[in-house]
Amino acid sequence: MVYDVGSLVVGALATLANGQAVDYFIDGFNKKKKICILSKEYEVIQDYIMNTLKRGVTLYSAKGGYDKTEHTELVTIMASNEYKKLLYYLQESDIEAFVTVSTVNEVIGTWNNKKNHV
């Protein structure tokens, strides 16, 4: 052993931190947002997502656990800049919506094929 224990620990921690930083930087390019929206005006939101942002939407039937009310949930995957546009639209349009967002690390399939609407 050429180095003392302190140098060995600092070197190991620095190597670990460097690896984590590189992984975060590389993965950061592929991260998307999964957005789930509950709103009575889901058709208006769906139209905006599909025709303005050119993204797909999946609709799910949902039932409120508290009051048993039937709802329609919109789920979509977007890049961060598109997500910001959607939030701005919701705020400017005064649409009442319950929105949850999660980070998606990888999307496989035809996500990048934006639809060309006539």
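Just above sits the structure.
Residues numbered from 1 in each chain as written. Predicted model: local features only at pLDDT ≥ 70, side-chain atom pairs only at ≥ 80, totals over all residues. Heavy atoms only, no water.

Colleague: I keep staring at the overall build of the protein chain and nothing clicks. Help me out?
Modeller: Across its full length, the protein chain carries three helices and four strands. Ordering the α and β elements of the protein chain from the N terminus gives α-β-α-β-β-α-β. Residues classed as buried in the protein chain amount to 23% of the 118 residues present. Partitioning the intrachain contacts of the protein chain with sequence separation of at least 6 by distance along the chain shows that 71% fall at a separation of at least 24. In the form shown here, the protein chain has an accessible surface area of approximately 8,900 Å², with 54% of it arising from carbon and sulfur atoms. (Helix = DSSP H or I, 4+ residues; strand = E, 2+ residues; numbered from the N terminus. Buried < 20%, exposed > 50% of the residue type's maximum accessible area, 1.4 Å probe, protein only. Contact = heavy atoms within 4.5 Å. Areas by Shrake-Rupley, 256 points an atom, 1.4 Å probe, with all protein chains shown as cover.)

Colleague: Can you help me understand the packing of helix H2 (residues 42-52) against helix H3 (residues 80-92) in this one?
Modeller: Geometry of a packed helix pair, given as the angle between the helix axes and the separation of the axes. One way to put it is that H2 packs onto H3 with a least axis distance of 11 Å and a crossing angle of 145°. The two elements H2 and H3 meet at a crossing, and its hand is right-handed. In this structure, H2 uses Val44, Ile45, Tyr48 and Ile49 to contact H3, whose residues at the interface are Lys85, Leu86, Tyr89 and Leu90. Of the residues assigned to the contact of H2 with H3, the class counts are seven nonpolar, no polar and one charged. (Axes fitted to C-alpha atoms, helices over the stretch in contact; angles between N-to-C directions. Left-handed = near helix turned anticlockwise from the far one by under 90°. Nonpolar A, V, L, I, M, F, W, Y, C, P; charged D, E, K, R; others polar.)

Colleague: Please explain H2 as it appears in this structure.
Modeller: An α-helix turns once per 3.6 residues; consequently, residues spaced three or four apart project the same way. Listed as buried for H2 are Ile45, Gln46, Tyr48 and Ile49. Along the long axis of H2, the arc covered by the buried residues comes to 160°, so they all point the same way. The exposed set on the far side of H2, more than 90 degrees from its buried face, consists of Glu43 and Thr52. Check the buried side of H2 and you find it contacts strand E1 (32-38), strand E2 (58-63), strand E3 (70-78) and H3. Following H2 by one or two positions, Lys54 adopts a phi angle in the positive range, close to 60°. (Arc of directions from axis to C-beta.)

Colleague: Would you mind going over the packing of aromatic side chains with me for this structure?
Modeller: For any pair of aromatic rings, the description consists of the separation of the ring centres together with the inter-plane angle of the planes. Enumeration according to the criterion identifies one aromatic pair in this entry. Seen from their ring centres, Tyr48 and Tyr89 are 3.9 Å apart, and the 0° between their planes marks the pair as stacked. Of this pair, Tyr48 sits in helix H2 while Tyr89 is found in helix H3, placing the two residues 41 residues apart along the sequence. Given the relative accessible area of 18%, Tyr89 is considered buried. (Phe/Tyr/Trp six-rings, centres within 6.5 Å; stacked < 30°, edge-to-face > 60°.)

Shape is all these values report; function is a separate question.
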